[in-house]
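# Observations on chain architecture
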Amino acid sequence: GGPLILLAGLAMFYDAYGDVPVVKAILAGVAAAAAGMVIGTAAKMTQKLKPPPALLAVWLVALVAAGVFRLPLPWVVLGLAPFGILAARHAMRAK
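This write-up is about the structure you can find in this document. Within every chain, residues take consecutive numbers counted from 1 along the sequence as written. Selection of residues for local features in this predicted model requires a pLDDT of at least 70, selection of side-chain atom pairs for listing and counting requires 80 or more, and totals for whole chains, interfaces and linings are taken over all residues. Side-chain numbers here rest on the full set of heavy atoms in the structure, without hydrogens or water.

### Describing the overall build of the chain
Stated precisely, the cut-off is as follows: Elements are defined by DSSP. Helices are runs of H or I of four residues or more, strands are runs of E of two residues or more, and each kind is numbered from the N terminus. Values of the radius of gyration come from C-alpha atoms, whereas the globule rule sets the reference at 2.2 Å times the count of residues to the power 0.38. Whether a residue is buried, partly exposed or exposed follows from its accessible area with a 1.4 Å probe, protein chains only, as a fraction of its type maximum: under 20%, in between, or over 50%, in that order. Computed with the Shrake-Rupley method and a 1.4 Å probe, the accessible areas treat only the protein chains shown as cover for residues.
A count of helical and extended segments in the chain gives 4 helices and 0 strands. In sequence order, the chain lays out its α and β elements as α-α-α-α. A compact globule built from 95 residues should have a C-alpha radius of gyration of about 12 Å, whereas the chain, at 18 Å, is more than 25% larger. Overall, the C-alpha framework of the chain stretches about 55 × 25 × 20 Å when taken along its three principal axes. Each of the 95 residues in the chain was classed as buried or not, and the buried ones make up 11%. Of the roughly 7900 Å² of accessible surface on the chain, a fraction of 77% belongs to carbon and sulfur atoms.

Take a look at the structure:
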């Protein structure tokens, strides 16, 4: 679809002109905007879903592991998935 074509175009553009300082700055700004949109969407979803404290704890550990300690995201997901599943299962049983 359209987003995939846009992403592929940006990747080719970066590959060709990524060393140019202006291009580097523009793409850094685009990346920051995309990250902000992802965080904003996650915040909206969290408000509507109102997850239990145990799931918020899993989220916080994932944020610290990936964002602060720079652990690889696949390892963070694999390591925390069982805890997230258990917390969600417990929350569903509590309702």
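### Description of helix α4 (residues 73–94)
This is how it is decided: Take the residue count of a helix, subtract one, and multiply by 1.5 Å to get its expected span. Between two residues, a contact is recorded if the distance between any of their heavy atoms is within 4.5 Å.
Spanning 22 residues, α4 covers 30 Å between terminal C-alpha atoms, matching the ideal 32 Å at 1.5 Å per step. Within the span of α4, buried status applies to V76, L80, G84, A87 and A91. Contact partners of the buried residues in α4: α3 (53–68).

### Some thoughts on a nonpolar patch on the surface
Just so we agree on the cut-off: Note on patches: the residues involved have over 30% relative accessible area and no salt bridge, like charges join within 9 Å, and the nonpolar side chains Val, Leu, Ile, Met, Phe, Trp and Tyr join within 5 Å. Throughout this description, the term salt bridge denotes a Lys or Arg side-chain nitrogen within 4 Å of a carboxyl oxygen of Asp or Glu.
Where nonpolar side chains cluster on the molecular surface, the patch consists of L6, L10, F13, Y17, V20, V22, I26 and V30 and spans about 720 Å² of accessible area. Among the secondary structure elements, those contributing two or more residues to the nonpolar patch are α1 (2–17) and α2 (21–49). Of all the elements, α1 adds the most residues to the nonpolar patch, at 4 residues. Since its relative accessible area comes to 59%, L6 is described here as exposed.

### Section: unusual backbone geometry
Of note, the phi angle at K50 is positive, near 50 degrees, even though the residue is not glycine. With respect to the helices, strands and loops of the structure, K50 is situated in the loop between α2 and α3. By relative accessible area, which is 67% here, K50 ends up exposed. With phi around 55 degrees, R70 is a residue other than glycine that occupies positive phi space. Locating R70 in the fold gives a position in the loop between α3 and α4.

### What to know about the environment of D15
Considering the arrangement of structural elements, one finds D15 in helix α1. In sequence terms D15 and G2 are 13 residues apart; their C-alpha atoms lie 20 Å from each other.

### With respect to the environment of A88
Mapped onto the elements of the fold, A88 is located in helix α4. Each C-alpha atom, one on A88 and one on L55, is 6.7 Å from the other, the two residues being 33 residues apart in sequence.

### Observations concerning the packing of α3 against α4
The packing of two helices is summarised by the inter-axis angle and the distance between the axes. So the rule is basically this: A fitted line through C-alpha atoms serves as each axis, taken over the contacting stretch for helices, and the angle formed by two N-to-C directions is quoted from 0 to 180°. Orientation categories follow fixed angle ranges, with anything under 35 degrees roughly parallel, anything over 145 roughly antiparallel, 65 to 115 roughly perpendicular, and all other angles oblique. Under the grouping applied here, Gly and all other residues not named as nonpolar or charged are polar, the nonpolar ones being Ala, Val, Leu, Ile, Met, Phe, Trp, Tyr, Cys and Pro and the charged ones Asp, Glu, Lys and Arg.
Two elements in contact, α3 and α4, have axes separated by 9 Å at closest approach and are oriented at 170 degrees. For the element pair α3 / α4, the angle class is roughly antiparallel. Between α3, through A54, L55, V58, V61, A62, A65 and A66, and α4, the contact on the second element is made entirely by L73, V76, L80, F83, G84, A87 and A88. Looking at the contact of α3 with α4 residue by residue, the classes come out as 13 nonpolar, 1 polar and no charged.

Purely spatial values, then, with no claim about function.
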